[in-house]
Protein chains: 2
Amino acid sequence: MSRIAYVNGRFVPHSHAEVHVEDRGYQFADGVYEVVLVQNGVMVDEIPHLERLDRSLDELRIPHPMSRGALRAQMRELVRQNRIRNGLVYMQVTRGVAKRDHPFPKNAKPSIVMTAKRIAMATPEAVENGVKVITIKDIRWERCDIKSIALLPNVLGKQQARENGAFEAWQVDEDGKVTEGTSSNAWIVTQDGELVTRPATNDILNGITRMSILKLADRQGLKFVERPFSVEEAKSAREAFVSSATAFVTPVTQIDDTVIGNGKAGSLSRGLRDSYMDYAAGEGATA
Amino acid sequence: MSRIAYVNGRFVPHSHAEVHVEDRGYQFADGVYEVVLVQNGVMVDEIPHLERLDRSLDELRIPHPMSRGALRAQMRELVRQNRIRNGLVYMQVTRGVAKRDHPFPKNAKPSIVMTAKRIAMATPEAVENGVKVITIKDIRWERCDIKSIALLPNVLGKQQARENGAFEAWQVDEDGKVTEGTSSNAWIVTQDGELVTRPATNDILNGITRMSILKLADRQGLKFVERPFSVEEAKSAREAFVSSATAFVTPVTQIDDTVIGNGKAGSLSRGLRDSYMDYAAGEGATA
């Protein structure tokens, strides 16, 4: 079966999914995106993702391309046509096609493109072994709260991670504090058992999975705090993990050359992963 | 006559100039660009622009899509097909099409797209009256020396300029010093008659026109220095101007609410504009 993509109102073979070279997404990174997980045929945290899409669009003053109801219908049609049971929907909205000029064009119509693909879940062994992260300087712009497609610094950071045998790169601000990964949020559990993640300011993207985890932690009465933490603190933490729509809660067992805990997934991380999986299959799921 | 674009080896009608939605330029801003002026049918500062293109590609480790000779031939063919006598060639190179994933893809072939269009020269009156610039916070990433297509902050800045009746926005760093415009370099002439522009570090894009102006200033024995200057200094300057491949030297006669000099183009700015025009038509031109 060949993949199908959605391009500005039409379902087309993935190989023919094209946009104009003067789409402002191509020439100016003038657009935003979201990734929504599909698990057992249902969307996970769909509404919060679409709410964040609206927020990103509003921050950039890009008109919404369609109503939320229409968008949800198209997402479902795309998942159906691609026969996705476990995978993801990627969606991107840009300011549209216009003669190249920096300011907002007068009459451009926003472009919307969606793709879908299957993804495999991490094996229990992979989760237990955890992943390595490296730390790099955060060189991004000052509006990381907007989920824009201007991802070049994230690309460079992720590539650096790969070349160092790591799953992710944690970006570090001028004060030596971790902001977030290049495509995930960063968490630690201190030696006192307190869960810590950076507060959602302009310095990070407020992850939807991040927010769900905070909600679950709160409900379970876990000790947690939103505050910046340093690289040193992370390296001496009891546990660490990353969160994202596709990584869920993925334990971190090495930061640069430092092994975290006993080099295996920590118990709080494992517990949160399990809770999140339950949440994703129940309360967080929309058919 | 309908416009023609160049897309990955083919000359196509502009309306059909399309790239795949998984071109990394569209999803990750993973690419670079150049704008080369065409004046009286010849290219201006073509070689320095192509050298900078190579540098941007090398910094991002994107392979060069073709030899410089082949690229120059395609540029000329595009200009010919579009019958451009006075205009510009826009070219963009991205890391190519690959399944969406942040790290560099293994076997992607770089994409190259070029468009060409006619542009009108500023009238003598417009030059004499000069333009207004506003000052805004520089919120960009730390590698502004790379001419990347991750231009979202530049778009937002230029839009802010337009909404304030200004031609350009000068971005200001944390120390209150001007870095550059959103698509041009920033210059002042102090009350002592010294020409000042910021040195080319990672904080700015080293303009090709900027470099040509420095060369001309040096030859003419003008007093000049490359150093950061503050917004206050700019507002009390004798003259100010912006430079770019399409703006050449454009006098600035207002910064925020402050009129510069007597509100008309300064003599040094006018002289440099004339020198640059001569240079562009002679030494800087390649047939």
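Up top you'll find the structure we're talking about.
Residues numbered from 1 in each chain as written. Chains lettered and ligands numbered in written order. Predicted model: local features only at pLDDT ≥ 70, side-chain atom pairs only at ≥ 80, totals over all residues. Heavy atoms only, no water.

**Student:** In this structure, what is going on with the pattern of salt bridges? I would like to understand it.
**Tutor:** Note that side chains of opposite charge can pair when their charged atoms are close. Counted by the stated rule, this structure contains 44 salt bridges over all chains. A salt bridge links E163 of chain B to R61 of chain A; its shortest N-O distance comes to 3.0 Å. Note that E163 of chain B is positioned in helix α5 (residues 152-163) and R61 of chain A in the loop between α2 (46-60) and α3 (68-81), a pairing that runs across two chains. The partner of E226 of chain A in a salt bridge is R210 of chain A, and the shortest N-O contact between them spans 2.6 Å. Placement of the pair is E226 of chain A in strand β13 (residues 224-226) and R210 of chain A in helix α6 (residues 208-219), with a sequence separation of 16 residues. By relative accessible area, which is 38% here, E226 of chain A ends up partly exposed. Residues joined by salt bridges that share partners form a network here, namely R55, E59, R143 and D145 of chain A. (Salt bridge = Lys/Arg side-chain N within 4 Å of Asp/Glu carboxyl O. Helix = DSSP H or I, 4+ residues; strand = E, 2+ residues; numbered from the N terminus. Buried < 20%, exposed > 50% of the residue type's maximum accessible area, 1.4 Å probe, protein only.)

**Student:** What's the story with the sheet that holds strand β4 (residues 31-39) of chain B in this structure? I'm lost.
**Tutor:** In any sheet, the strands associate via hydrogen bonds between backbone groups, in a parallel or an antiparallel arrangement. Residue and element names in this part refer to chain B. Spatial ordering of the open sheet is given by β2-β1-β7-β6-β4-β5-β17, a layout of seven strands whose pairing is antiparallel. Taken across any chain shown, the strands that pair with only one partner, and hence form the sheet edges, are β2 (10-13) and β17 (285-286). In the packing of helix α2 (residues 46-60) onto the sheet, the strands contacted are β4, β5 (42-44), β6 (87-94) and β17, and the crossing angle to β4 comes to about 175 degrees. (Pairing = 2+ DSSP bridges. Contact = heavy atoms within 4.5 Å. Axes fitted to C-alpha atoms, helices over the stretch in contact; angles between N-to-C directions.)

**Student:** Just to check I follow, could you spell out the pairing of β2 of chain B for this structure?
**Tutor:** Within a regular strand, the side chains alternate between the two sheet faces. Residues and elements named next belong to chain B. In this sheet, β2 lies alongside strand β1 (residues 4-7) in antiparallel orientation, the contact comprising four bridges. Paired with A5 across the two strands is V12, which belongs to β2. Count of turn residues in the β1/β2 antiparallel hairpin: two residues, of which N8 carries a positive phi of about 45 degrees.

**Student:** Before we go on, may I ask you to explain the relation of the copies chain B and chain A in this structure?
**Tutor:** Each of the two chain copies goes to the other by way of a rotation about an axis and a shift along it. For these two chains of identical sequence, chain B goes onto chain A by a turn of 180 degrees and a shift of 0.0 Å along the axis, with RMSD 0.0 Å. With respect to symmetry, the two chain copies, as superposed, fit the operation of a two-fold axis. Here 100% of the contact residues of chain B are again contact residues in chain A; the copies associate through an equivalent surface. (Least-squares fit on C-alpha atoms with pLDDT ≥ 70 in both.)

**Student:** Teacher, can you tell me more about unusual backbone geometry here?
**Tutor:** Most peptide bonds are trans, and most residues other than glycine sit at a negative phi. All names here are of chain A. A positive phi is found at N8, a non-glycine position, where the angle reads about 50 degrees. With respect to the helices, strands and loops of the structure, N8 is situated in the loop between β1 (4-7) and β2 (10-13). Backbone geometry places D45, a non-glycine residue, at a positive phi of 50 degrees. In this structure, D45 sits in the loop between β5 (42-44) and α2. Given the relative accessible area of 3%, D45 is considered buried.

**Student:** Any chance you could explain the interface of chain B and chain A here in plain terms?
**Tutor:** Many analyses report the size of an interface as the accessible area lost when the parts associate. Taken together, the 58 residues of chain B in the interface contact 58 residues of chain A. Taking both sides of the interface into account, the surface hidden between chain B and chain A amounts to around 4,900 Å²; carbon and sulfur atoms contribute 59%. Three residues, Y26, H102 and L152 of chain B, lead the burial of chain B against chain A; their summed loss comes to 16% of the area buried on that side. At the boundary of chain B with chain A, the tally comes to four salt bridges. Between E142 of chain A and K137 of chain B there is a salt bridge whose closest N-O contact spans 2.7 Å. For the interface between chain B and chain A, the tally reads 25 residue pairs in polar contact (both at pLDDT 80 or more). (Buried area = accessible area lost by both parts, 1.4 Å probe. Polar contact = N/O pair within 3.5 Å; in protein donor to acceptor, adjacent residues only side chain to side chain.)

**Student:** Where do I start with the sheet that holds strand β7 (residues 111-118) of chain A in this structure?
**Tutor:** All names here are of chain A. The seven strands lie next to each other as β2-β1-β7-β6-β4-β5-β17, forming an open sheet whose pairing is antiparallel. With partners counted over all chains shown, the strands left at the sheet margins are β2 and β17 (285-286), one partner each. Contacts from α3 reach β1, β2, β4 (31-39), β5, β6 (87-94), β7 and β17, with the element oriented near 35 degrees to β7.

**Student:** Help me out: how do you make sense of a negative patch on the surface in this one?
**Tutor:** A cluster of acidic residues, E174 and D175 of chain A together with E174 and D175 of chain B, forms a negative patch on the protein surface. Relative to the helices and strands, E174 of chain A resides in the loop between β9 (168-172) and β10 (178-181). (Patch = residues over 30% accessible without salt bridge, like charges linked within 9 Å, V, L, I, M, F, W, Y side chains within 5 Å. Areas by Shrake-Rupley, 256 points an atom, 1.4 Å probe, with all protein chains shown as cover. Lys, Arg positive; Asp, Glu negative; His and termini not counted. Charge placed at Lys NZ, Arg CZ, Asp CG, Glu CD.)

**Student:** Whenever I open this one, the pairing of β1 of chain B confuses me. Can you help?
**Tutor:** Residues and elements named next belong to chain B. Side chains I4 and Y6 project from β1 onto one buried face, and the interleaved A5 and V7 project onto a second face that is buried too. Relative to strand β7 (residues 111-118), β1 is paired through two bridges, and the arrangement is antiparallel. In the sheet register, Y6 faces β7, and the bridge partner there is M114.

**Student:** It is not clear to me how the packing of α6 of chain A against helix α8 (residues 267-281) of chain A should be interpreted in this structure. Could you clarify?
**Tutor:** For any two helices packed against each other, one specifies the inter-axial angle together with the distance between the axes. All names here are of chain A. Relative to each other, α6 and α8 sit at 105 degrees, their axes nearing to 10 Å. By the angle between their directions, the pair α6 and α8 is classed as roughly perpendicular. Contact residues: α6 offers T209, S212, I213, K215 and L216, while α8 offers L272, S275, Y276 and Y279. When its residues are assigned to classes, the contact of α6 with α8 shows five nonpolar, three polar and one charged. (Parallel < 35°, antiparallel > 145°, perpendicular 65-115°, else oblique. Nonpolar A, V, L, I, M, F, W, Y, C, P; charged D, E, K, R; others polar.)

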